[in-house]
Every structure is written in structure tokens, then in C-alpha cells.
Amino acid sequence: MFRLLLRLLGLWFVALALVALVIDATSTIAAGSWSTTSFGQYWFDFAPESLAAAQAFVQAEVNPVLWDPVALKLLVQPAWVIVGPLGFLLLWIGDLGRGRRRRRLAETV
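A few points on the structure. (Residues numbered from 1 in each chain as written. Predicted model: local features only at pLDDT ≥ 70, side-chain atom pairs only at ≥ 80, totals over all residues. Heavy atoms only, no water.)

Some details on the overall build of the chain
Here's step 1: When helices and strands are tallied, the chain shows 6 helices and 0 strands.
Here's step 2: What you see in the chain, going N to C, is helices and strands ordered as α-α-α-α-α-α.
Here's step 3: Expected size for 109 residues packed as a compact globule is a radius of gyration near 13 Å; at 18 Å, the chain overshoots this value by more than 25%.
Here's step 4: Along the longest, intermediate and shortest principal axes, the C-alpha atoms of the chain span 55 × 45 × 20 Å. (Helix = DSSP H or I, 4+ residues; strand = E, 2+ residues; numbered from the N terminus. Rg over C-alpha atoms; globule rule 2.2 N^0.38 Å.)

What follows is the structure, encoded as C-alpha cells:
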């Protein structure tokens, strides 16, 4: 059940990355020069309260130094650069162990 959830979440993230990539590609074609929308801009557009809450949490509870160099570097990257690999990582984690089960089933048949 947990693997199914990981795979569904991974597929969702990969689909979001593809949508963000298509949006960036069309805006690049329309502008005539390279233009991307950052992950932080999407987050701010859709849920500014949660972005502020995440910043407050990281600075107060985790480590204030972690927000400025690490989190801000991630937030300025294009959305598809952040969400796509995360989706593929979740798909990979959700698929771990399936090969072993298939081999065991093939051996018993």
C-alpha cells in the first residue's frame, strides 16, 4: 500500500514537472529568449502562506543558516528541475523490491 502511494505521488510529481516544462517552453518561444518560472514563484503563486510558514519553520526550528543558502538556491531553480527528479526518485523508491518478487514468482512457477 505504501509503495502504491509512493508511485502515485511520483507520477503526480513527474506530471507536474512536465506541465511546468511545457509552460516554460511556450513562454520561451513567445518571448524569443530563454525564460523559466522558478519553483519559488509557483509556490508563492499557489500558496504564499505555506511558503512563509515553511520559511519560519526552517529558520526557527531547524537552522536559520539552512534557509538562506540551501532553500533559496532550490527556490530559484525552474520548477521542473526540482519536481521532476523528486518524482522519479519517488517512483524508484516505490518500485524497489518488485524485481525480487517477480524473480521469486518466476522460480516457483
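Considerations on the packing of helix 3 (residues 48-62) against helix 4 (residues 64-75)
Here's step 1: Close contact between helix 3 and helix 4 brings their axes to 7 Å; oriented N to C, the two are set at 145°. Helix 3 and helix 4 meet at a crossing whose hand is right-handed. Residue-level inspection shows L51, A54, Q55, V58, Q59 and V62 of helix 3 in contact with helix 4, the latter providing P64, L66, W67 and L75.
Here's step 2: Its residues assigned to classes, the contact of helix 3 with helix 4 comprises 8 nonpolar, 2 polar and no charged. (Axes fitted to C-alpha atoms, helices over the stretch in contact; angles between N-to-C directions. Left-handed = near helix turned anticlockwise from the far one by under 90°. Contact = heavy atoms within 4.5 Å. Nonpolar A, V, L, I, M, F, W, Y, C, P; charged D, E, K, R; others polar.)

So, the packing of aromatic side chains
One pair of aromatic rings is described through two measures. These are the centre distance and the angle between the planes.
Here's step 1: Under the definition given, this model contains 2 aromatic pairs.
Here's step 2: Each ring, one from F39 and one from W43, has its centre 6.0 Å from the other, and the planes form 50°; the classification is tilted. Of this pair, F39 and W43 both sit in helix 2 (residues 39-46), 4 residues apart, roughly one helical turn.
Here's step 3: For W43, a relative accessible area of 27% gives the class partly exposed.
Here's step 4: Residues Y42 and F46 carry aromatic rings whose centres are separated by 6.3 Å and whose planes lie at 10° to one another, so their mutual orientation is stacked. Here F46 and Y42 lie together in helix 2, a separation of 4 residues that amounts to about one turn. (Phe/Tyr/Trp six-rings, centres within 6.5 Å; stacked < 30°, edge-to-face > 60°. Buried < 20%, exposed > 50% of the residue type's maximum accessible area, 1.4 Å probe, protein only.)

Remarks on the environment of Q41
Here's step 1: On the secondary structure map, Q41 appears in helix 2.
Here's step 2: On a C-alpha basis, the gap between Q41 and T26 in space is 17 Å, while along the polypeptide they are 15 residues apart.
Here's step 3: At 2.8 Å, the side chain of Q41 forms a polar contact with the side chain of D45. (Polar contact = N/O pair within 3.5 Å; in protein donor to acceptor, adjacent residues only side chain to side chain.)

Quick word on the side chain of T28
Here's step 1: Within the fold, T28 resides in helix 1 (residues 2-31).
Here's step 2: Overall, T28 belongs to the buried group, its relative accessible area being 17%.
Here's step 3: Of the polar contacts made by the side chain of T28, one reaches the backbone oxygen of D24; its length is 2.8 Å.

Description of the environment of D24
Here's step 1: Mapped onto the elements of the fold, D24 is located in helix 1.
Here's step 2: Taking the C-alpha atoms as reference points, D24 and R3, separated by 21 residues in sequence, lie 31 Å from one another.
Here's step 3: If sequence neighbours within four positions are ignored, D24 has contacts with S35, T36, T37, Y42, P78 and W80.

Quick notes on the environment of W67
Here's step 1: Within the fold, W67 resides in helix 4.
Here's step 2: The contact partners of W67, leaving out residues within four places of it in the chain, are L51, A54, Q55, V58, Q59, L72 and L75.

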